Each structure stands twice: as C-alpha cells, then as structure tokens.
Amino acid sequence: MAGYEDKSFKWIGTRPVRPDGVDKVTGRANYGADMKLPGQLTGRILRSPHAHAKILSIDTSKAEKLPGVKAVITGKDFPEMHNGVLPGDEGVNFHYLSCNIMARNKVLYDGHAVAAVAAASAAIAEEALALIEVKYEVLPHVIDVDLALKPGAPLLHDDIFTTGVTPKPEKPSNTVQRIQMQLGDPDAAFKDADVVVERSFKTKAVHQGYIEPHAVVAEWSEDGQCRIWCSSQGHFMVRTLTARLLQMEVAQVRVIPAEIGGGFGGKTIIFIEPTAVLLARKAKRPVRIVMSRDEVFRGTGPAPGTSIDVKIGAKKDGMLVAATGEFRYQAGAFPGSPVGAACMAAFGPYALSHVRVVGYEAVTNRPLCYSYRAPGAPLSSFAVESVMDEIAQKLNLDPMDLRIKNGSKEGTQMVYGPKLKAVGNLECLKAIQNHPINKIPLGPNQGRGLAAGFWFNLGGQSSAVVNIAEDGTANIMTGSPDIGGSRASMALMAAEVLGIDYSKVRPIVGDTSAVGFCEITHGSRVTFATGMAIIQAAEDVVLQCRQRVAKMWEVDVEAVKWEDGHARPAGANAGDQKPLSLAQIAAKAARTGGPLVGSAAINAGGPGPAFGVHICDVEVDPETGHVTVLRYVAAQDAGKAIHPSYVEGQIQGGVAQGVGWALNEEYIYGEDGRLQNSGFLDYRIPVASDLPMIDAIILEVPNPGHPFGVRGVGEVPIVPPLGAIANAVARATGARMTDLPLTPPKIRAAIDAKK
Amino acid sequence: MAHIVLGDEFGRQFTGGQTHFDLDVRDVRHLIRTLEGMFPGIGEQLEAGAIAIDNEIIPDPWLNPIQPNSEVFFLPPIKGGK
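Given the structure is predicted, the values throughout are model-derived calculations rather than measurements.

Describing the overall build of chain A
Along its length, chain A carries 20 helices and 26 strands. Over its C-alpha atoms chain A spans a radius of gyration of 27 Å, differing by no more than 12% from the 27 Å that the globule rule assigns to 755 residues. Burial status across chain A gives 57% buried among its 755 residues. Here the contacts in chain A between residues at least 6 apart in sequence split such that 79% fall between residues at least 24 apart.

Some details on the sheet that holds strand β24 (residues 610-620) of chain A
All names here are of chain A. Taken in spatial order, the four strands make up an open sheet running β16-β24-β25-β26, and their pairing is mixed. Every interior strand has two partners, whereas the edge strands, β16 (446-455) and β26 (694-699), have only one. Adjacent strand axes in the sheet meet at a mean angle of 15 degrees when their direction is disregarded. Relative to β24, β16 is paired through 10 bridges, and the arrangement is antiparallel. Each residue of the ladder has a partner; that of phenylalanine 454, found in β24, is phenylalanine 611.

A short note on helix α3 (residues 94-101) of chain A
Residues and elements named next belong to chain A. Counting buried residues in α3 gives six out of eight residues, a clear majority hidden from the surface. Listed in full, the buried residues belonging to α3 are Tyr96, Leu97, Ser98, Cys99, Asn100 and Ile101. Of the surrounding secondary structure, the elements contacted by the buried residues of α3 are β5 (113-119), α7 (235-245) and α8 (273-283).

A look at the environment of alanine 383 of chain A
All names here are of chain A. Locating alanine 383 in the fold gives a position in helix α11 (residues 377-394). The spacing of alanine 383 and isoleucine 432 is 49 residues in sequence and 21 Å in space, taken between C-alpha atoms. Sequence-distant contacts of alanine 383, that is, excluding residues within four places in its chain, are made with Phe201, Ile308, Val310 and Gly325.

A word on the interface of chain A and chain B
Taken together, the contact between chain A and chain B spans 39 residues of the former and 24 residues of the latter. Among the secondary structure elements, those contributing two or more residues to the side of chain A that touches chain B are β7 (175-183) and α10 (339-346) of chain A. Ranked by residue count, the leading element in the side of chain A that touches chain B is β7 of chain A, at four residues. Considered class by class, the residues forming the side of chain A that touches chain B number 14 nonpolar, 20 polar and five charged.

Description of the sheet that holds strand β4 (residues 106-107) of chain A
The antiparallel open sheet is built from three strands, whose spatial order is β4-β2-β6 (chain A). Of all strands in the sheet, those bounded by a partner on one side alone are β4 and β6 (133-138) of chain A.

Considering α7 of chain A
Residue and element names in this part refer to chain A. When you tally the buried positions in α7, you get eight out of 11 residues, the bulk of the element. Within the span of α7, buried status applies to His235, Phe236, Met237, Val238, Arg239, Leu241, Thr242 and Leu245. Lining the buried residues of α7 we find α3, β10 (226-230), β11 (253-257) and α8. One or two residues past the end of α7 sits glutamine 247, with phi positive at roughly 55 degrees.

Structural notes on the nonpolar core
All names here are of chain A. Counting 263 residues, the largest nonpolar core has Ile476, Ala494, Ile725 and Val729 as the members making the most contacts within it. For this core, the leading source of residues is helix α15 (residues 526-553), giving 13 residues. Contact partners of valine 729, with chain neighbours within four places excluded, come to Gly447, Val618, Val620, Val627, Met737, Leu742 and Ile747.

Rules used in this analysis
- One numbering rule holds for all chains: residues counted from 1, following each sequence as written.
- Chain letters and ligand numbers both follow the written order, the letters beginning at A and the numbers at 1.
- At least 70 in pLDDT is required for a residue's local features to be given in this predicted model, at least 80 for side-chain atom pairs to be given and counted, and no such filter applies to totals for whole chains, interfaces and linings, which use all residues.
- Helix numbers and strand numbers start at the N terminus; a helix is a DSSP run of H or I with at least 4 residues, a strand a run of E with at least 2.
- The size measure is the radius of gyration over C-alpha atoms, and the globule rule it meets is 2.2 Å times the number of residues to the 0.38 power.
- Any residue surrounded by 20 or more other C-beta atoms within 10 Å of its C-beta is treated as buried, while 12 or fewer makes it exposed and the intermediate range makes it partly exposed; C-beta atoms here are placed from the backbone.
- Think of it this way: build a C-beta for each residue from its backbone, and any pair within 7 Å is a contact.
- When DSSP finds two or more bridges between a pair of strands, those strands are recorded as paired.
- Helix axes are fitted to C-alpha atoms over the stretch in contact, other axes to C-alpha atoms as well, and angles between N-to-C directions run from 0 to 180 degrees.
- Polar here means any residue outside two lists: the nonpolar Ala, Val, Leu, Ile, Met, Phe, Trp, Tyr, Cys and Pro, and the charged Asp, Glu, Lys and Arg; Gly therefore counts as polar.
- Here, a nonpolar core denotes buried Ala, Val, Leu, Ile, Met, Phe, Trp, Tyr and Cys residues that are linked to one another through C-beta atoms within 7 Å.

Right under this line is the structure:
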C-alpha cells in the first residue's frame, strides 16, 4: 500500500484551524451534560460506602413515596446475564459488566452502585437516595495486588479459577490469570552476563483525570426504542453494550455522540447508560445522569496499581544478553487488567534474543480497572527503564549509547512473536542524542533522565461517508468520536484526495443510525484506521467523478485522470477537453447519475507500532523533596503527521499525564478500604505551572500499512515519562527509588536513608 | 507449509507443550479448524485473540489468506486507551 512516501502533499502535514474549534472556544459545543429534553428528570446513583460487603437487603419504599420521585431501581431491575465469555462477545463477560454497573448480592468496592433514582429535581433525587435503606454485612477487603494474590486473601468472587496454570485449580482465588511469553533461554543466558541488575517496583492506581465527568441523557419510547445522548470514546460501543445488557435489539438503541471532554481510555466502557435507560423506561420520562467528581473517582475505571520484578543482564560493553520480568497487575473488582499488553510492551524498545515475561492479574476491592493510554505499558516500561539506567551506571556507560546499542529496529523479533517492520525507534534515540538539551550543564541537585517506550497501535473496523454538495464542497462523516483533533485530520485527508481546499470540507461525527459501524476510539487507531476509511471514501468519489466525466466526454474512464481537484484528459485519446473541477462535476450530478456519495467500510490491519524516546532534567529540593521538571524533550515516530500540531499536542498531553503519574498521582485508601482523595484538590494532577514547555520532536518513518504512512500517535507518549522522571530523580539524588509516585516525603526519606 | 506459533499458554492447556507447527492451510479459518481438529477446544480460545501473519498484526482474522511460506503467530487480545 506504500507509495505515498515520496509524494508532495498539498494539505497533509499542514496546520489549519480545527473545524470544531469555534464551537469550543465560544461555549457552543455540546458535551454530555448539555443535553436537555422536555420533561427531563434528574437521575442519581446510591453508592456503597464499603469496600467489600454482602447486601442483605435494600428497602426503597420510603424513597418511592417521596413526592417528585418518578422511578427507583436496584440490581433486581437488570436482566441476569450469562456468566462467561461467549463466542462473538468480543471478550466481554456481560454478567460482570452488569454487576459493575449495578451491584447484585455483593458490593466489591467503595463507590459500587447499589440503587438509582429519577426525580423532578436534583434536590429531591438526593433526598430520595438518603431514604433508601441498604443493610450490609461488611466483609474483609483487599486492595494491594500482592496481598490479593496471596493464598487466604479475602475472596472477591467464588467463580474465578486461575487460567494459565497447570494443573487447573480446584479452588477459586483472586488470581484471574497467569500469562507467559518467552524468546530463547534467558536463565541460561544470564550466566554470560558481566553485570546483572534485578529490582522490584510498586506503583499505585491512578485515574485518567479527564475533566468532563461521565454524563448521559436517555429517552425511552413506548414502542420499545430508546435514544441515548452521551460523551464516550465509542457510541457504537455504548449501543452494543446497552442493548445487550437490557436484552434489546441493537437497532432499537440509537446513541447520539456529544463532544467529549477527555477520555484517555476511561470512556471506552459504560458505567451509567443502562441505568439511565431503565430509569427512563420506568418513569416514562427522559432521565439525565451526570456523575460528580467524587463518583468519577470512586465509580469509573482507573488504571491499575502494580508490583513488578525486572532483571536484566549485560556484557561489559553494554550488549544485553538476557532479561526477565514478572508483572503483577490489579484488575479492580472484576477481571480486565492490561497485564497482557504490559508484558508484550515492556521490553519493546530493545532487541533481545533471550527474554521472558510473566504476568499475573488479581481482582481487588477497588473500581473496575480500565484502559488508560497505552494500557499497562507505562508501568512495565518504568520498571524496565529504571533497570536499564542502573545497568548504564554500573557499566559506566552513557544511557543513550546503551539504548542505541540494543535498540529494536526493523527485523527485531518481539517477545510476543512477530518481527518488527519499518519502525522509528533508532531515529527517535538519535534525535534525542543530538538535541541541544544534552549540552546544558546540570547544577546541584539536578539530574537528567532518559527513557524509551513502545506501543503496538491498533487498526480495526471503521466506516466513512463523503457527500459532495452541488457546489463541490464536501460533508464527511465517520462514527469515531473525536478526542484528539481527528476531525481536522479526516478533513485534511479528504481534501488531499479530492484535491479541494481544506475549508471546503466539513467533518462531523455521525450517530449510530447515520453512519456505519466504527470501533471505539482507542489504541491510537482513528487517524490510522478511520482515516483510511475516509481516504477510500474520497477515492470512491474521485472514481465516480471520473466515470461521470468519461460519459460527458464520451471516452473510457481510463482516459480521465484526477489531478489537483480536476478531471483532466489522461492522454491524447481523450481529446482536447478542458479540465472540469469537482464543483463543475457536482453541478451536473443530477444529469449524470445522481448525487456524488462515496463510502467505505473497512477492517484496517497493519497499524505499525509507535516508539517514543524522552529526556528530561529535574531539580530536587533536598529540604522538601519537591521535584521541579526543568526541561523535557520527547521524540516520536508518527509515520506521517497529518496535522503536526495535534501530534505535538498528543505528545505534550501524554508527557503531562506521565509526569503526574511519576510524581503525584495515586489512589489513597484508608484502613477501611474507602478512597480518601476523590477530588482534584487531594488527587494532584499536574497543572500548567508544574510543567516546562515540552519540546515535541516528530520523526516520520512511514508506516507501510497506510496509504499516507500514518502511525497512531496518541498512546506511546505516556509510556516513557515515568521512567525518564524516575531516572532523572535517581541521578539528581543518588537514590534509586522504585515506588511510584515519587512524592516529596518518599524522596526526603530516600535522601535521608543515603546519609 | 506455513509455520504456526502458539503461545506457551496454549501449549500448556491444549497441545501438551508443543507450540510450533508446520501446517498446510489456506486461510485463518482453515488454520483454526485444523488446530481445533487436532486439539479440541482450542479453536474458541484462538478466535478470541489477534493474529500476526508475516509480521503484520491483523484484527478479527478469519478469511485472511495464509501463504505456504507464511509465519503465523497467535497473540493475546490487545486493548488500547486512546
């Protein structure tokens, strides 16, 4: 499919204003909470105050009698689902999903939903929640992953039997699975190492920290159909899961996407949509539910806490000879941790002939673990990059030279099997090596940290439609929610293929009844896969234009070529015809066959992995332990940057979130298993004043799997920052810290321990 | 014949430890049916993951052709965040 590498583009690679920009800066853009329907009720959810408890009874009678209350539901109102993953279920256990949305016999975490009300006002709804009487029998709980994996730990489920172990266990446990992948014989290869570093690491659960809380408006109609307005990373996902959980036909559910105020993986699953639909059905009125920030922290899908062991061996010249890693990941209250991806990505930046990764996943009494940018990879990378830094220190090698010497490249076999095709790992390493930051002298208490990161990127199913108006302008529509500027990228790609001005292309995100199926916006897939659908839909229009003009000129279609937005004679056989623009062809569309509509529906493969290399300088205040990030540079292979500003934005956003993960962010639980910091005052995400200007360097090693060479760019930028910051702090303090986040008290303690 | 590589977990659960196979198969569907015939129960598990054919990861594989000299890896499912 390659061939565009040497083509000069007119629109690809430019930086026009985003098509959704004016609505957003003027406040006109509609987010999940902005929808308002006549007669709309307010929905509220009652949540468990306990980390683990049996539900003995729920009495909703007083709430139901409160004037203004129109509906009350509990777990009994949800259909019971099959407990297991059936063929065609795409790996979803609908019993677990339903039980997470509304608890049945047990609550499994502080914040687990137990009942919901719909009322005429928020005040009445809150009053009604207070009138619902839930009797609990509190059970022992477990949150730390190492404790959850131990025999005798409080048991969350009696139907989880560890997979991936032999013999198959006869007793249930919290250990969901064990996975292992291996290349070569690392145990034997370690014997050839001149230096071996083995360390253990711990990290805490963190939240994606999107600013917009989850919000939904649901409307039920008497004929059994429903409409849902919500912000998500995939309205087709909302449709499918809601229909399945409520035992409806998929086509009876229409989901209209709102603008999304951040997702980062946390909105790739549903939490409140079926609840809103059930309330609307019972109340016979539309219902809106908007989560509070406290609910977002306690009741959605934060990333896992982990416990990790990594061992790497190297020769004196820095050549790596073997590596192993054991990755133990929290899963939250139900299975679903990203430990598989963590194992696969951990050693991605390095060419290793002898490597083994082992993963364990354990259910714990905390909210359902869900995706967060490059799920699982930042944590496994943190451990690997920390050990790589120590190897460099022990061998007195430049950490960059160590990484370049061992860097993975085209042909490197990955631990999960396949060999890499064309990738930009070494290009990123060399771009950082040549950056002026390396010449800046460091002062007292300052350190410089380096880390590399890898992420697979995904393709998948996407649909697109290109409608040409009678004046030659274009409306383009996909079903992929725009969470990172993808509408601008779609318009640029359409403009490039059609040969018209970017300003004449208007992109929208269509609802589930307006456009063909699109998978969720995840895996850095949209610019790659949905972009490919847009390219093919635009090429469909171009073909139709050539066919129409061929009719007008009374020649074969091969005699008409498309160039710079015009149909032109391909050669002398077509005669001395004047070029016809898209607008001229569109004006005659009715007379040449009807509207010009291009469409494409694809399942895109060949996404092309992404690599990023980061370097940063920090200063540690030895009195307080506070870390100031002085400088930060990130290089990333984008394949081809469709809109470079949004690639830079993705890099900078990933770094900002990674810095928060490294230095500040953590779920803090009390002895009672209740979350202690469920708000942005106590859960500290970085703000602008915490960060330097992040210098984003885009490298372009074309992905052979995309017509323009595109690779996904949204996830890999969050992989290296944890390691880069930790390595910089280690170099600044002389103390290697292995427990994230690197909070001031921990840093002070590490400095004191060195004295 | 195409060279097929399964993960260690498939080896433990279904194949008695064997993870490398040389098979004469036309496409992914034919491959999964062939392996299911050899190791009953493995097919459903294989369908749940992704596949790399000649180093290209393919989502939802089914009708994708497999050449006689192809190398095929079965991978665990991967989910993304953004």
